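# Report on the structure
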2 protein chains.
Amino acid sequence: MKRTTFLLVLVAILAGVAVFTPITPRFARAQEAAPIVVKEIPAGYRDWKVVSVAHEAGQLNDIRAVLGNDIAIKAYREGKLPFPEGAIVGRIAWSFVASEENNKVFGSNQSFVAGSPTDTYLQFMVKDSKKYAATGGWGYSSFDKDGKPTDEAAMKSCFPCHQKITDRDFIFSKYTP
Amino acid sequence: MKRTTFLLVLVAILAGVAVFTPITPRFARAQEAAPIVVKEIPAGYRDWKVVSVAHEAGQLNDIRAVLGNDIAIKAYREGKLPFPEGAIVGRIAWSFVASEENNKVFGSNQSFVAGSPTDTYLQFMVKDSKKYAATGGWGYSSFDKDGKPTDEAAMKSCFPCHQKITDRDFIFSKYTP
């Protein structure tokens, strides 16, 4: 009886291990992990060159500068797609505010300037085809005014939108000379 | 008679010279010459760092990046006023256009991007306290999309507006981190 009990317990343990160890092929694991979120702000981003500028109205209500590190800017200027490894495209978003000072000087309500940082102040896309294979070769990051990463749940919306820009390697912004 | 005639002619000539040679002190001459227009586009301006971004609605209907050369950016970041000699602040203005591509992806008419260069595509203020003393120490320049300077008559409107920004050395744009 003792030996039978021991064997039964052993079988039960092994069965349990099998049940709680799901068989996950590489591809499935990558899909589950998507999007892969980057947690560090790239060094020196505020010194990067300008890709372009934009205004998002509606709920975002921001005005933004899109910048690129040297690898990204070189690729943009040469019209090279897809972007090479190491390319980083970033954007800074400030609140979109009417400038009373400017309007007074111009005598017309026409001037809108960059105000305080928005809730998603800084966002970056980092190119690493292997590391971020599950999200089109780009890792996504987003930070508030204090440099705190945006919560991961919200980050799941990055790739579904960006992946629609198939003819420019998932990047919305075009370079404006 | 001949001598009298000669003397009269001489007096008339001298009087004429006196009349047509106005007495112009240095200050008056500087005023007449204002604004001093700069005719060259600064080299490498498209690689400069971002001061801020802005949108001018109404007739201008542009979106713009304000950039600075290293001297200007350093002064901005250190909050130093007036700007040192050699500082150049520039702005690139693109037409303000709705992005149908972005709006389609977002499912909302919210996105405005930089389009083609405007009629006053590039503008710069160059700090040289002596050379441009008549216009607050800044020389002004403006260029269209082909790099052709804006006509000088239009340039007369630069300083009258800028000189109203007395507490920031005649510069509208504030640095946004």
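Structure: above.
Only a predicted model underlies this, so the values are computations on that prediction, with no experimental measurement involved.

## Quick look at the relation of the copies chain A and chain B
Overlaying chain A on chain B yields an RMSD of 0.0 Å, the required transformation being a rotation through 180° with an accompanying axial translation of 0.0 Å. The symmetry that links the two subunits is that of a two-fold axis. By C-alpha distance to the rotation axis, the residue of chain A lying nearest is lysine 49 of chain A, at 3.1 Å. Looking at chain A, 100% of its interface residues are interface residues in chain B too, so the copies touch through the same face.

## Some remarks on the environment of alanine 133 of chain B
With respect to the element layout, alanine 133 of chain B can be found in the loop between strand S4 (111–127) and strand S5 (138–143). Taking C-alpha positions, alanine 133 of chain B is 26 Å from aspartate 144 of chain B, a pair spaced eleven residues apart along the chain.

## Structural notes on helix H3 (residues 70–78) of chain B
Residues and elements named next belong to chain B. All buried positions along H3 are accounted for by Ala72, Ile73, Ala75 and Tyr76. Summarising the axial view, the buried residues of H3 lie within an arc of 165°, below the 170-degree limit, and thus occupy one face. Exposed positions of H3 whose direction lies more than 90 degrees from the buried face are Asp70 and Lys74. Elements in contact with the buried residues of H3: strand S1 (49–56), strand S2 (62–68) and strand S3 (88–98). With its phi angle positive at about 65°, glycine 79 sits one or two positions after the end of H3.

## Re the pairing of S2 of chain B
Residues and elements named next belong to chain B. Summarising burial for S2: seven of the seven residues are buried, a large majority. Side-chain alternation along S2 places Asp62, Arg64, Val66 and Gly68 on one buried face and Ile63, Ala65 and Leu67 on a second face that is also buried. For S1 and S2, the ladder comprises seven bridges, and the chain directions are antiparallel. Paired with histidine 55 across the strands is isoleucine 63, a residue of S2.

## Brief notes about the side chain of serine 99 of chain B
Inspection of the secondary structure puts serine 99 of chain B in the loop between S3 and helix H4 (100–106). When sequence neighbours within four positions are dropped, the list of residues in contact with serine 99 of chain B reads Ser111, Phe112 and Val113 of chain B.

## Thoughts on the interface of chain A and chain B
Listed per partner, the contact involves 41 residues of chain A and 41 residues of chain B. Broken down residue by residue, the surface that chain A buries against chain B is led by Arg46, Val53 and Val105 of chain A, which jointly contribute 19%. For the pair chain A and chain B, the interface holds four salt bridges. With a closest N to O distance of 2.8 Å, aspartate 47 of chain A and arginine 77 of chain B form a salt bridge. Run the count over chain A and chain B and you get 22 residue pairs in polar contact (both at pLDDT 80 or more). With eight residues, strand S1 (residues 49–56) of chain A is the single largest residue contributor to the side of chain A that touches chain B. A class-by-class count of the residues in the side of chain A that touches chain B yields 23 nonpolar, seven polar and eleven charged. One ladder, built from three bridges, connects strand S4 (residues 111–127) of chain A with S1 of chain B; its direction is antiparallel. The residue of S1 of chain B that forms the bridge with phenylalanine 112 of chain A is histidine 55 of chain B.

Conventions used here
- Residues numbered from 1 in each chain as written.
- Chains lettered and ligands numbered in written order.
- Predicted model: local features only at pLDDT ≥ 70, side-chain atom pairs only at ≥ 80, totals over all residues.
- Heavy atoms only, no water.
- Least-squares fit on C-alpha atoms with pLDDT ≥ 70 in both.
- Contact = heavy atoms within 4.5 Å.
- Helix = DSSP H or I, 4+ residues; strand = E, 2+ residues; numbered from the N terminus.
- Buried < 20%, exposed > 50% of the residue type's maximum accessible area, 1.4 Å probe, protein only.
- Arc of directions from axis to C-beta.
- Pairing = 2+ DSSP bridges.
- Buried area = accessible area lost by both parts, 1.4 Å probe.
- Salt bridge = Lys/Arg side-chain N within 4 Å of Asp/Glu carboxyl O.
- Polar contact = N/O pair within 3.5 Å; in protein donor to acceptor, adjacent residues only side chain to side chain.
- Nonpolar A, V, L, I, M, F, W, Y, C, P; charged D, E, K, R; others polar.

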